[in-house]
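Chain residues, written in single-letter form:
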Protein chains: 2
Amino acid sequence: MTSKEKRGVFRQPDQEAIRLAQSIIDEARYGALAVIDPETRGPIVTRVGLAPAHDRAPLLLVSDLSPHTDALRQQSACSLLLGDAPTKGDPLAFPRITLQANAHFVDKAEYRERYLTHYPKAQLYFDFADFHLVRLSIISALLNGGFGKAFKLSATDLLTEGDPST
Amino acid sequence: MTSKEKRGVFRQPDQEAIRLAQSIIDEARYGALAVIDPETRGPIVTRVGLAPAHDRAPLLLVSDLSPHTDALRQQSACSLLLGDAPTKGDPLAFPRITLQANAHFVDKAEYRERYLTHYPKAQLYFDFADFHLVRLSIISALLNGGFGKAFKLSATDLLTEGDPST
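Residues numbered from 1 in each chain as written. Chains lettered and ligands numbered in written order. Predicted model: local features only at pLDDT ≥ 70, side-chain atom pairs only at ≥ 80, totals over all residues. Heavy atoms only, no water.

**Here's the deal with the interface of chain A and chain B**
So, point 1. With 51 residues of chain A in contact, the opposing surface of chain B contributes 49 residues.
So, point 2. In total, chain A and chain B occlude about 4100 Å² of area from one another, counting both sides; carbon and sulfur atoms represent 60% of this.
So, point 3. For the interface between chain A and chain B, the tally reads 0 salt bridges.
So, point 4. Where chain A touches chain B, the interface holds 14 residue pairs in polar contact (both at pLDDT 80 or more).
So, point 5. Per-element tally for the side of chain A that touches chain B: the top contributor is strand E2 (residues 43-52) of chain A, with 7 residues.
So, point 6. Counted by class, the side of chain A that touches chain B contains 26 nonpolar, 11 polar and 14 charged residues. (Contact = heavy atoms within 4.5 Å. Buried area = accessible area lost by both parts, 1.4 Å probe. Salt bridge = Lys/Arg side-chain N within 4 Å of Asp/Glu carboxyl O. Polar contact = N/O pair within 3.5 Å; in protein donor to acceptor, adjacent residues only side chain to side chain. Helix = DSSP H or I, 4+ residues; strand = E, 2+ residues; numbered from the N terminus. Nonpolar A, V, L, I, M, F, W, Y, C, P; charged D, E, K, R; others polar.)

Structure follows, in structure tokens:
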């Protein structure tokens with residue numbers, strides 16, 4: 001089976017799937033960010049704090065002390081996994097979404113209010129000089145709503161028409 | 001600042017850090033797995049179920065329906081993020097570990113008892129023909145014990161002398 005045929009297991013999303021995907025992004029305050037390690041050229045995945053921009057594009061607050069920050073400066077292609085795994089039940093039965101995206105470093109001050117409204121605890125470190133704000137341009141997404149419920153979504157399915165600069 | 005200098009922010013682990021890292025791996029039943037997407041060559045991160053082998057190497061149960069499985073067959077370099085983010089408090093203040101590893105597809109039957117003892121809910125699908133077992137050979141690890149507590153660990157710090165074949 002080729003990867004193309006396998007991609008066939010991902011269904012076209014219906015309204016319910018789109019709403020689920022959007023709500024996972026709206027509620028996520030952290031995620032697993034995968035980037036390319038500039039030293040090994042292999043992937044590396046770390047936890048990041050985040051909030052949604054007005055159009056729902058994820059905003060990541062990243063520190064120079066974390067390996068993902070330097071990696072994103074060198075290669076903007078990245079992936080973000082969102083969705084809590086509850087402590088009870090099979091973690092694979094709970095919904096999560098994988099975004100494939102490009103990262104852009106943006107003006108932190110512009111997004112300050114939006115970010116801190118959604119992630120007030122970041123007030124402790126948001127303004128530190130070694131913290132930066134990264135905005136993800138979503139390319140595509142895979143929603144896994146639990147066993148047998150896999151959907152492939154586009155950026156258009158996820159984003160709203162909110163002001164993309166905030 | 002070069003990446004090499006930045007690496008200096010990762011401390012050498014003491015016994016407490018090593019114990020914390022080991023316990024995160026021992027207790028994890030799921031993680032965020034980053035692989036290289038064979039189509040885009042960018043990273044892609046998805047949720048996987050897992051259990052520790054006798055020597056603490058992570059064992060992942062992966063399905064042909066998930067994009068990571070085909071990706072790992074084509075490029076074994078991967079990364080795994082482990083550690084729960086509690087629902088209260090800043091998710092960045094809670095410990096997690098990033099492993100960099102190589103993935104090896106192994107004989108599923110050999111690890112059946114070990115896997116299902118740690119992950120009994122997988123009995124529903126462990127024996128399905130499209131599920132495979134992958135064992136990670138750890139190359140190195142980054143432990144983030146919360147703000148300002150970052151350690152770089154080696155495979156030797158994490159693995160025990162348990163029988164590596166189970």
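The rest of the description comes next.
**Some thoughts on the packing of aromatic side chains**
So, point 1. By the definition in use, this model includes 8 aromatic pairs over all chains.
So, point 2. Ring centres 5.1 Å apart and planes at 40° place the aromatic pair Tyr125 of chain A and Phe131 of chain A in the tilted group.
So, point 3. Judged by relative accessible area, which is 6%, Tyr125 of chain A ranks as buried.
So, point 4. Of the residues examined, Phe131 of chain A reaches a relative accessible area of 10% and is grouped as buried.
So, point 5. Centroid distance Tyr115 of chain B to Tyr119 of chain B: 5.6 Å. Interplanar angle 10°. Geometry classified as stacked. Each member of the pair, Tyr115 of chain B as well as Tyr119 of chain B, is classed as buried.
So, point 6. An aromatic cluster of three or more residues is present, and its members are Tyr115, Tyr119 and Phe126 of chain A.
So, point 7. For Arg73 of chain B, the ring lying beneath its charged end belongs to Phe105 of chain B, and the centroid distance is 4.4 Å.
So, point 8. The ring of Phe126 of chain B has Lys108 of chain B lying over it, and the distance from NZ or CZ to the ring centre is 5.5 Å. (Phe/Tyr/Trp six-rings, centres within 6.5 Å; stacked < 30°, edge-to-face > 60°. Buried < 20%, exposed > 50% of the residue type's maximum accessible area, 1.4 Å probe, protein only. Lys NZ or Arg CZ within 6 Å of the ring centre and 35° of its normal.)

**A word on the relation of the copies chain A and chain B**
So, point 1. After a rotation of 180° and a shift along the axis of 0.0 Å, chain A superposes on chain B with an RMSD of 0.0 Å. Taken together, the turn and the small shift mark the pair as related by a two-fold rotation axis.
So, point 2. Both copies contact each other with a shared surface, as 96% of the interface residues of chain A are interface residues in chain B too. (Least-squares fit on C-alpha atoms with pLDDT ≥ 70 in both.)

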